[in-house]
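Residue-level listing of the chains:
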Amino acid sequence: MPKHKNRTLGTRTLAPETLMMGYGYDPALSEGAIKTPIFQASTFVFKSAEDGKRFFEVAYGLREKDPDEALGLIYSRINNPNLEILEDRLSVWDAADRTLVFSSGMAAITTAVLAVSRPGDIVLYTAPAYGGTEYLFDRILPRYGVEARAVPAGEGSAVLNEAIQTAAEDAAVRGGRLAAVFVESPANPTNELVDIAQTARDLAALNQAERPVLAVDNTFLGPLWQRPLALGADLALYSLTKYVGGHSDLIAGACMGRADIMAQVAEMRTIGGSMADPHTAWLLTRSLETLHLRMERSQVNAITLAERLTGHSKVVEVLTAGGALASAEQQRIFAEQCAGPGSTLSIRLNGGEAEAFRFLDSLTLFKLAVSLGGSESLASHPSSMTHSDYTSEAKARCGIGDNLVRLSVGIENVEDLWVDLAQALDRI
Ligand SMILES: *Cc1c(COP(=O)(O)O)cnc(C)c1O
């Protein structure tokens, strides 16, 4: 094992936050530079024609890699040192066989879904899901003969399992398969949880020749507070734009998981060209060094704010993952599945859209913007912004009212944040 790929010290297995400082990077290959240079190159020079031939054999799947063989560098659509170092470090957190990084979270999701589905198949997903994800499922996949079906996230495992059984039967009738179950947990913006381990067990017990892929969008709690692969998922997906990037200054995504499925995703990424660029990968590698500090601090801030918002006269309800007001079932899932509630929460205000808008327009530290997981705090209005294309029935079903405000809590001083929330609540 080369030193820079060593994950142990003596008998101790090193923690992910320690490995983020240097794992996967050999300074000797870059003039001893302590940090990774940016490999801003489109193509890589082969030492010999024989090397070029061997690298392509692996890249195009003509032969299996030897266990210790690294895929040689060919061309930055296929691989690049900045992407590989970032991918190796991301794999550490979720104990993934393999990770691939993409130009956006949506590029990761689209590439993965296209890689595992084909005409005649059905894909199930838990709703509400991220807007772009729902658009992909409802409006784009059907053009390619793949049917997407939504299952409400908060209805519990029994309802999801029933949908799984029905979808597999319906797909079989037309010669297709239930190709995948796509879970977003916690759901955005309601923070309802889906039982990942139970869904994995239900899929394992399903009577279908090929087991459907269980894919989990882990953007909200990962990689610190939820590890879908350890719970039995095959793939974990990320918008790295959010917590992992963490500074609201880039767009990127990741897909990670089981080696055999990742090989299919890699093929699709190589041909679709949806990989991240070297500079973005470099920024993300830098962000990973402080990921745990940022996620820990923003979570502590969010817990404090959620406690103070609960019971405030202008606040009807505070929605956090597995929170005090969640059902016993939701709290059980939280206890088994999550190491913390993260720092994205929603509040229902006393009133409707007018009150919500007055609240949002009165905030000064919380910036009025969609997105989440950055170092700064953000606030948004799902009903008129991220979820504005929902029908009123869909909004009602998913609990997205006009009085709902989503907060992404950052790493500022928590007393300052509270003063901002309190003064804005006073004005509604
Ligand atoms: C933002 C987000 C996405 C999409 O990611 P992009 O990087 O914007 O493409 C997907 N899923 C969730 C849960 C998100 O929050």
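All of these numbers come straight from a predicted model, not from anything done at the bench.

1. Section: the packing of aromatic side chains
Each aromatic ring pair is specified by the distance between its two centres and by the angle formed by the two planes.
Item 1. In this structure the tally under the stated criterion is five aromatic pairs.
Item 2. For the ring pair phenylalanine 56 and tyrosine 60, a centre distance of 5.4 Å and an interplane angle of 80° mean the geometry is edge-to-face.
Item 3. Relative accessible area serves as the criterion here: at 55%, tyrosine 60 is assigned to the exposed category.
Item 4. Connected via pairs of aromatic rings, a cluster forms that spans Phe46, Phe55, Phe56 and Tyr60.
Item 5. Over the face of the ring belonging to phenylalanine 102 we find arginine 269, whose NZ or CZ atom lies 5.8 Å from the ring centre.

2. Side note on the nonpolar core
Item 1. In this structure, Leu86, Leu90, Val101, Leu240, Met256, Leu284 and Leu288 are the most contacted members of the largest nonpolar core, which totals 36 residues.
Item 2. Taken together, the elements giving at least two residues each to this core come down to helix H3 (81-94), strand S8 (235-239), strand S9 (253-257), helix H9 (278-309) and helix H10 (328-337).
Item 3. Each of domain 1 (81-288) and domain 2 (291-426) gives at least three residues to this core.
Item 4. Not counting chain neighbours up to four residues away, the residues in contact with leucine 90 comprise Thr99, Val101, Leu240, Val244, Ala254, Met256 and Leu288.
Item 5. With 30 residues, the next largest nonpolar core counts Phe102, Leu136, Leu141 and Ala179 among its residues.

3. Some points on the domain arrangement of the chain
Item 1. As assigned here, the chain comprises domain 1 (81-288) and domain 2 (291-426).
Item 2. In this complex, domain 1 contributes 35 residues to the contact, which on the side of domain 2 involves 41 residues.
Item 3. When the two sides are added together, the surface that domain 1 and domain 2 hide from each other amounts to roughly 3200 Å², 55% of it contributed by carbon and sulfur.
Item 4. Taken together, domain 1 and domain 2 are joined by two salt bridges.
Item 5. Close ionic contact of aspartate 389 with arginine 139 constitutes a salt bridge, the shortest N to O distance being 3.8 Å.
Item 6. Our count for the domain 1 to domain 2 interface comes out at 22 residue pairs in polar contact (both at pLDDT 80 or more).
Item 7. When contributions to the side of domain 1 that touches domain 2 are tallied by element, the ones reaching two or more residues are helix H5 (131-140), helix H7 (196-204) and H9.
Item 8. Of the residues belonging to the side of domain 1 that touches domain 2, the class tally is 19 nonpolar, eleven polar and five charged.

4. Details of H9
Item 1. Where H9 bends most, at threonine 290, the angle is about 55°.
Item 2. One side-chain oxygen at the N-terminal end of H9 lies 3.1 Å from the backbone nitrogen of histidine 279; it belongs to aspartate 277.
Item 3. Glycine 311, located one to two residues past H9, shows a positive phi value of around 90°.

5. Here we look at the packing of helix H4 (residues 105-116) against helix H8 (residues 259-272)
Item 1. Between H4 and H8, the least distance of the axes is 8 Å, while the angle of their chain directions is 115°. When the axis of H4 is compared with that of H8, the two are roughly perpendicular. Crossing of H4 against H8: the hand is right-handed. Facing Thr111, Ala112, Leu114, Ala115 and Val116 of H4, the residues of H8 in contact are Ile261, Gln264, Val265, Met268 and Arg269.
Item 2. Of the residues assigned to the contact of H4 with H8, the class counts are seven nonpolar, two polar and one charged.

Procedures and definitions
- Residues numbered from 1 in each chain as written.
- Predicted model: local features only at pLDDT ≥ 70, side-chain atom pairs only at ≥ 80, totals over all residues.
- Heavy atoms only, no water.
- Phe/Tyr/Trp six-rings, centres within 6.5 Å; stacked < 30°, edge-to-face > 60°.
- Buried < 20%, exposed > 50% of the residue type's maximum accessible area, 1.4 Å probe, protein only.
- Lys NZ or Arg CZ within 6 Å of the ring centre and 35° of its normal.
- Core = buried A, V, L, I, M, F, W, Y, C linked by side-chain atoms within 4.5 Å.
- Helix = DSSP H or I, 4+ residues; strand = E, 2+ residues; numbered from the N terminus.
- Domains from an automatic or database assignment.
- Contact = heavy atoms within 4.5 Å.
- Buried area = accessible area lost by both parts, 1.4 Å probe.
- Salt bridge = Lys/Arg side-chain N within 4 Å of Asp/Glu carboxyl O.
- Polar contact = N/O pair within 3.5 Å; in protein donor to acceptor, adjacent residues only side chain to side chain.
- Nonpolar A, V, L, I, M, F, W, Y, C, P; charged D, E, K, R; others polar.
- Bend = angle between axes of the 7 residues up to and from the residue.
- Axes fitted to C-alpha atoms, helices over the stretch in contact; angles between N-to-C directions.
- Parallel < 35°, antiparallel > 145°, perpendicular 65-115°, else oblique.
- Left-handed = near helix turned anticlockwise from the far one by under 90°.

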